[in-house]
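# Overview (structure and organization)
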Amino acid sequence: MKEKLTAYQYLLKDKLTGDKNRELIALLKDIKLAARQVSKELNNASLDNTIGDFMGNKNSHGEDVKKLDVIANNLFIKSLENGGNCAGIVSEEREKVLIFNNEVSKNSKYLVCIDPLDGSSNLDVNVPVGTIFSILKRPSIIDKTYTKDFLQIGSRQVAAGYIIYGSSTIYVITVGKGVDAFTLDPIVQEFYLSHENIKIPKKGHMYSVNQGNFYEFPLSVQEYIRWCEQKDEKTKRPYSLRYVGSMVADIHRSLLKGGLFIYSASKKAPNGKLRLMYECNPMAFIIEQAGGLAIDGKKRILDISPSSIHQKSPIFIGSSDMVKQISKFLKSKLFN
Ligand code: AHM
Ligand code: MG
């Protein structure tokens with residue numbers, strides 16, 4: 001039987017060799033430690049009475065906060081602060097950046113942007129949710145850390161990943177050398193390499209969109225959706241519509257099976273809903289590293305210069321042929 005490699009062993013052996021990478025490996029481990037605890041919290045939530053809303057609180061976007069959003073946010077903050085391998089974080093659950101002031105963190109090279117529990121509106125009904133994160137290098141480790149230090153274009157990410165809490169808990173990572181995934185063994189509580197060098201299929205036959213917003217979408221997006229629904233043997237249409245409503249679950253399926261995930265601009269949300277720094281950028285980095293594409297409609301997600309930490313962006317992400325196809329609709333003057 002093949003030897004089982006932990007995430008730590010695999011990264012050290014294949015992806016992040018050499019002493020200069022120790023801090024990044026340690027940071028990925030800090031995330032793993034919190035993810036493991038979040039996984040436990042989610043498994044026990046119905047018994048621990050942690051399902052449901054966190055009363056009287058809204059996050060930085062004015063959205064309702066679940067009890068488990070708060071629990072997950074606290075667990076990641078604690079692990080990242082105690083680990084001392086990043087200088088500060090941006091979290092979906094905090095309006096402002098959080099800078100760690102202990103001596104070890106102050107001298108660390110990295111910054112983390114994180115959505116601690118994405119898709120949390122699905123928690124009440126036991127549908128997969130996830131954690132999404134992006135790791136950036138600090139512009140300088142001598143100066144204090146400022147909000148502007150986080151405002152880097154996505155192509156400068158040094159690592160990104162997500163954890164999907166589904167029928168199993170899987171930690172998907174890129175450090176800019178392909179994409180690998182590690183599955184949590186719940187007995188020994190360790191993540192082992194389960195999917196090496198993942199490649200997203202170039203073609204896909206599934207599209208993923210909140211079709212309830214159809215009439216709110218730009219005409220170009222509406223026309224693309226109509227095109228997906230049409231019968232055509234050559235392109236194997238109609239495509240199947242799959243929408244979990246948890247970005248991590250919808251992207252994970254697209255990554256493994258091929259597909260296109262859409263969160264478009266709409267009349268009611270001109271910049272879409274998803275956040276650039278801790279949802280779109282890390283997912284774009286992962287999907288590109290797996291051979292796919294991610295655009296905001298006009299340009300590559302990873303080329304967007306952010307102007308604020310909670311900025312939103314439309315996103316079209318997935319199999320390269322599908323992103324190229326929707327780009328033709330988005331560019332067409334006929335439908336704009
Ligand atoms: P959240 O960060 O508040 O959980 O919102 C993000 C989630 C994504 O996981 C998902 O793709 C999207 O919201 C679904 O939104 P909608 O219900 O508008 O389709
Ligand atoms: Mg989110």
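As the structure is a prediction and not an experimental result, all values here were calculated from the model. (Residues numbered from 1 in each chain as written. Chains lettered and ligands numbered in written order. Predicted model: local features only at pLDDT ≥ 70, side-chain atom pairs only at ≥ 80, totals over all residues. Heavy atoms only, no water.)

### Considering the overall build of the protein
Definition in use: Secondary structure elements are taken from DSSP: a helix is a run of H or I of four residues or more, a strand is a run of E of two residues or more, and numbering for both begins at the N terminus. In this treatment the radius of gyration is a C-alpha quantity, and the globule benchmark scales as 2.2 Å times the residue count to the 0.38 power. With a 1.4 Å probe rolled over the protein chains alone, any residue whose accessible area is under 20% of its type maximum counts as buried; one over 50% counts as exposed, and the rest are partly exposed. Throughout, a residue-residue contact means that at least one pair of heavy atoms, one from each residue, lies within 4.5 Å. The method behind every accessible area is Shrake-Rupley, applied with a 1.4 Å probe, and residues are considered shielded solely by the protein chains displayed. Charge assignment: positive for Lys and Arg, negative for Asp and Glu; neither His nor the chain ends contribute. To locate a charge, take atom NZ for lysine, CZ for arginine, CG for aspartate or CD for glutamate.
Scanning the protein from terminus to terminus reveals eight helices and 15 strands. A compact globule built from 336 residues would reach a C-alpha radius of gyration of about 20 Å, and the protein, at 19 Å, matches this within 12%. Along the three orthogonal principal directions, the C-alpha set of the protein runs to about 60 × 50 × 45 Å. The burial tally for the protein puts 56% of its 336 residues in the buried class. Long-range pairs, those at least 24 residues apart, make up 64% of the contacts in the protein with a sequence separation of at least 6. Here the protein displays about 15400 Å² of accessible surface, and carbon together with sulfur accounts for 50% of that area. Counting 47 positive and 36 negative side-chain charges, the protein places the averaged centre of each group 5 Å from the other.

### Description of the coordination of the magnesium ion (ligand 2)
Stated precisely, the cut-off is as follows: Donor atoms are limited to N, O and S found within 2.8 Å of the metal ion, a distance that becomes 3.2 Å for Na, K and Ca. With water left out, some sites might look partial.
Looking at the magnesium ion (ligand 2), one finds its protein donor set to be E92 (OE), D115 (OD), D118 (OD) and E279 (OE), positioned 1.9 to 2.6 Å from the metal centre. Counting along the primary sequence, the residues that act as donors to the magnesium ion (ligand 2) give the motif E-x22-D-x2-D-x160-E. Placement of the pair is E92 in the loop between β3 (88–91) and β4 (98–99) and E279 in helix α7 (residues 276–289), with a sequence separation of 187 residues. By relative accessible area, E279 is classed as buried at 0%.

### Description of α7
With respect to burial, α7 is a largely interior element, twelve of its 14 residues being buried. Listed as buried for α7 are L276, M277, Y278, E279, C280, N281, P282, M283, A284, F285, I286 and I287. Immediately downstream of α7, the backbone of G291 shows phi near 100 degrees, a positive value.

### Things to note about the state of the cysteines
Two cysteines, two sulfur atoms, one covalent bond between them: this is a disulfide. Under the convention used in this document: Any pair of cysteine sulfurs within 2.5 Å is marked as a disulfide.
In this structure the tally under the stated criterion is zero disulfides. C86 carries a free sulfur, and the closest cysteine sulfur to it, the one in C113, is 9.9 Å from it. Sulfur of C280: no disulfide; nearest cysteine sulfur belongs to C113 and is 12 Å away. Taking the relative accessible area as the measure of exposure, C280 reaches 0% and is therefore buried.

### Points about the pairing of strand β7 (residues 159–165)
Look at any regular strand and the pattern is simple: side chains alternate between the two faces of the sheet. Here is the rule: Strand pairing follows a simple DSSP-based rule, namely that at least 2 bridges must link the two strands.
Counting buried residues along β7, seven of its seven residues qualify, which places the element largely inside the surrounding structure. Side chains A159, G161, I163 and Y165 of β7 all project onto a buried face; the interleaved residues A160, Y162 and I164 project onto the opposite face, where all are buried too. Taken together, the seven bridges between strand β6 (residues 129–137) and β7 define a ladder with antiparallel strand orientation. What sits directly across from S134, in β7, is A160. Between β7 and the antiparallel strand that follows it, strand β8 (residues 169–174), lie three residues.

### Section: the packing of helix α6 (residues 247–257) against α7
Operational definition: Only the stretch in contact is used when fitting a helix axis, every axis being a line fitted to C-alpha atoms; angles between N-to-C directions are given from 0 to 180 degrees. The labels follow the angle: roughly parallel below 35 degrees, roughly antiparallel above 145, roughly perpendicular from 65 to 115, and oblique for the rest. By definition, turning the near helix anticlockwise from the far helix through less than a right angle yields a left-handed crossing, and turning it clockwise yields a right-handed one. In the scheme used here, Gly and all other residues not listed as nonpolar or charged are polar, with Ala, Val, Leu, Ile, Met, Phe, Trp, Tyr, Cys and Pro taken as nonpolar and Asp, Glu, Lys and Arg as charged.
In contact at an axis separation of 12 Å, α6 and α7 are set at 15 degrees when each is read in the N-to-C sense. By the angle between their axes, α6 is roughly parallel relative to α7. Along this stretch, α6 crosses α7, giving a crossing that reads as right-handed. Residue-level inspection shows M247, V248, I251 and L255 of α6 in contact with α7, the latter providing E279, M283 and I287. Looking at side-chain class alone, the contact of α6 with α7 contains six nonpolar, no polar and one charged residues.

### Some remarks on the domain arrangement of the protein
Quick note on the threshold: What marks off one domain from the next here is an automatic or database domain assignment. Accessible-area loss on putting two parts together, using a 1.4 Å probe and summing over both, is the definition of buried area adopted here. Counted as salt bridges are all cases of a side-chain nitrogen of Lys or Arg within 4 Å of a carboxyl oxygen of Asp or Glu.
In terms of domain boundaries, the protein breaks down into domain 1 (7–195) and domain 2 (206–335). Just the C-alpha atoms count here: the centres of domain 1 and domain 2 sit 24 Å apart. Facing the 49 residues of domain 1 at the interface are 31 residues of domain 2. Carbon and sulfur atoms supply 67% of the area that domain 1 and domain 2 bury against each other, a total of about 2800 Å² over both sides. Here domain 1 is connected to domain 2 by one salt bridge. With a shortest N-O distance of 3.0 Å, E92 and R275 are connected by a salt bridge.

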